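Structural characterization, general
Spelled out from the first residue to the last, the chains are:
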Amino acid sequence: MQARTPIVKRSARRTAAITEAGRPDRRQAILLAAEKLFAQHGYHAVTIRQIAEQAGVPLALVGYYFGPKHALFHAIFEHWSHTIDERLAGLAALDNDPDDPRTLVRIIEVFTGPVLALRAGAEGEYYALLVSRELGHATAEVDRVLRGYFDPLAQAYIDALHLALPHATRSQVAWGYQFTLGALLHHLSDTRIERLSHGQNKRSDPAVAPMLVNFIVGGLRAALPRPQPGRAQETIPGSEPT
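The model shown is predicted, which means the values in this text are computed figures rather than measured ones.

**Considering the nonpolar core**
With 66 residues, the main nonpolar core has I30, F38, I51, F77 and F150 as its most contacted residues. No other element matches helix α9 (residues 140–164), which puts eleven residues into this core. Formed jointly, this core draws a minimum of three residues from each of two domains, domain 1 (25–67) and domain 2 (76–223). Discounting chain neighbours no more than four positions away, the residues touching F150 are F77, I84, Y127, V131, L135 and V145.

See below:
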């Protein structure tokens, strides 16, 4: 049975970042401002001064709370690390039966669903956009985030996909994961679809989630087909049996 783990609501984040005493939470305001600006313009295009202005705080306060810009960047992912835990919990709750044709669908659903929900909601839209925009860039800041937060998630999903596709090697499945991730991240960040569809499609539309899942599942099954009796499975260049 598929388990759905709800994303924790963070309504207070997007209102006014107010403390119980009624004073603005300036640390939270800085974090929100950085998240928004990094998502919209990219890490390297944003200055600490711009973050301070967006947050409405003195410039020195950004350094006081977070230190240098790369530490502030890292703090955003630490703040949202609970979403990775929730995705891992959703994956662990699945019954990974390779003989059940719905198993692969469920794995992709729990991989894509929480992220699409974040992108569609006011609480997580900038974080989801930040992930889709920045994590494809090979920089030292991004590499630290990938290794610390997203590599364990990726390894868990590759392992799950390998269980669901036991006829493939793990190295082949790792390619499949990369292609899956590419489709998801492009959907989160793309704006061109509105122009290409003559205005009929909406960017990052969560309503097309089932279509995205079917596209990914169909691609995985086509790229890693079960061997037919009497026919040797085609070897993918660069992959070795495990």
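**Quick notes on the pattern of salt bridges**
Taken as a whole and assessed by the stated rule, the structure comprises six salt bridges. E109 is paired through a salt bridge with R102; the nearest N and O atoms lie 3.7 Å apart. Classification of R102 by relative accessible area gives partly exposed; the value is 39%.

**A closer look at the environment of G219**
Here G219 is to be found in helix α12 (residues 209–223). When the C-alpha atoms of G219 and G176 are compared, they prove to be 8.4 Å apart, with 43 residues separating the residues in sequence.

**So, the confidence of the model for the chain**
Regions with low pLDDT carry predicted coordinates that are not meant to be interpreted in detail. Across the chain, pLDDT averages 86, with 85% of residues at or above 70. Counting interchain partners and residues more than four positions distant, the pLDDT-below-50 stretch residues 1–22 has 45 contacts.

**Some points on helix α8 (residues 125–134)**
Extensive coverage of α8 is indicated by the burial of eight of its ten residues. Every buried residue of α8 is accounted for by Y126, Y127, A128, L129, L130, V131, S132 and E134.

**Comments concerning the packing of helix α2 (residues 26–41) against helix α5 (residues 69–79)**
Two elements in contact, α2 and α5, have axes separated by 10 Å at closest approach and are oriented at 95°. Here α2 lies roughly perpendicular to α5, going by the angle between them. Mapping the contact onto sequence places Q28, I30, L31, A34, E35 and F38 in α2 and K69, L72, F73, A75, I76 and H79 in α5. Considered class by class, the residues forming the contact of α2 with α5 number eight nonpolar, two polar and two charged.

**A closer look at the environment of R133**
Structurally, R133 can be placed in helix α8. Counting along the chain gives 56 residues from R133 to S189, while the straight-line C-alpha distance between them is 6.6 Å. At 3.5 Å, the side chain of R133 forms a polar contact with the backbone oxygen of A39.

**Side note on the UniProt feature "DNA-binding region" (unreviewed entry) in the chain**
Per the UniProt record, "DNA-binding region" (unreviewed entry) is found at residues 47–66. Between the C-alpha atoms that bound residues 47–66 the distance is 14 Å, and the span itself is 80% helix and 0% strand.

**Comments concerning the packing of helix α7 (residues 103–120) against α12**
Put simply, α7 and α12 touch, their axes get as near as 10 Å, and they point 135° apart. Our classification of the angle between α7 and α12 gives oblique. Classified by chirality, the crossing of α12 by α7 is right-handed. Counting all contacts with α7, which are made through L104, V105, I108, E109, T112 and L116, the residues of α12 involved are A209, L212, V213, I216, V217, L220 and R221. Residue composition of the contact of α7 with α12, by class: ten nonpolar, one polar and two charged.

**Observations concerning the packing of aromatic side chains**
Aromatic ring pairs are defined here through the distance separating the ring centres and the angle between the ring planes. According to the stated counting rule, one finds eleven aromatic pairs in the structure shown. Measuring from centroid to centroid gives 5.0 Å for W80 and Y127, while their planes differ by 15°, and the two rings are stacked. Pair noted here: W80 is in the loop between α5 and α6 (81–92) and Y127 is in helix α8, with a separation of 47 residues, a long-range link. Neither residue differs from the other here; W80 and Y127 are each classed as buried. Through successive ring pairs, a cluster of aromatic residues spans F38, Y43, F73, F77, W80, Y127 and F150. The side chain of K69 reaches across the aromatic face of Y43, ending 4.4 Å from its centre. Above the ring of F111, the side-chain terminus of R87 is found at 4.8 Å from the ring centroid.

**Comments concerning empty space enclosed by the protein**
The tally for this structure, following the rule as stated, stands at one cavity of 30 Å³ or more. When residues of the lining of the largest cavity are traced back to their parent elements, those giving at least two are α7, α9 and α10 (170–189). Tallying contributions element by element places α7 first for the lining of the largest cavity, with three residues. Its residues assigned to classes, the lining of the largest cavity shows six nonpolar, one polar and no charged.

Criteria and cut-off values
- Residues numbered from 1 in each chain as written.
- Predicted model: local features only at pLDDT ≥ 70, side-chain atom pairs only at ≥ 80, totals over all residues.
- Heavy atoms only, no water.
- Core = buried A, V, L, I, M, F, W, Y, C linked by side-chain atoms within 4.5 Å.
- Buried < 20%, exposed > 50% of the residue type's maximum accessible area, 1.4 Å probe, protein only.
- Helix = DSSP H or I, 4+ residues; strand = E, 2+ residues; numbered from the N terminus.
- Domains from an automatic or database assignment.
- Contact = heavy atoms within 4.5 Å.
- Salt bridge = Lys/Arg side-chain N within 4 Å of Asp/Glu carboxyl O.
- pLDDT = per-residue confidence, 0-100.
- Axes fitted to C-alpha atoms, helices over the stretch in contact; angles between N-to-C directions.
- Parallel < 35°, antiparallel > 145°, perpendicular 65-115°, else oblique.
- Nonpolar A, V, L, I, M, F, W, Y, C, P; charged D, E, K, R; others polar.
- Polar contact = N/O pair within 3.5 Å; in protein donor to acceptor, adjacent residues only side chain to side chain.
- UniProt positions renumbered as here; feature names shortened; annotations may be inferred.
- Left-handed = near helix turned anticlockwise from the far one by under 90°.
- Phe/Tyr/Trp six-rings, centres within 6.5 Å; stacked < 30°, edge-to-face > 60°.
- Lys NZ or Arg CZ within 6 Å of the ring centre and 35° of its normal.
- 1 Å grid on protein atoms, 1.4 Å probe; cavity = no way out; pocket = protein on both sides within 12 Å on 5 of 7 lines; lining within 4 Å.
- Points joined across faces, edges and corners; volume = space filled by probe spheres on them.

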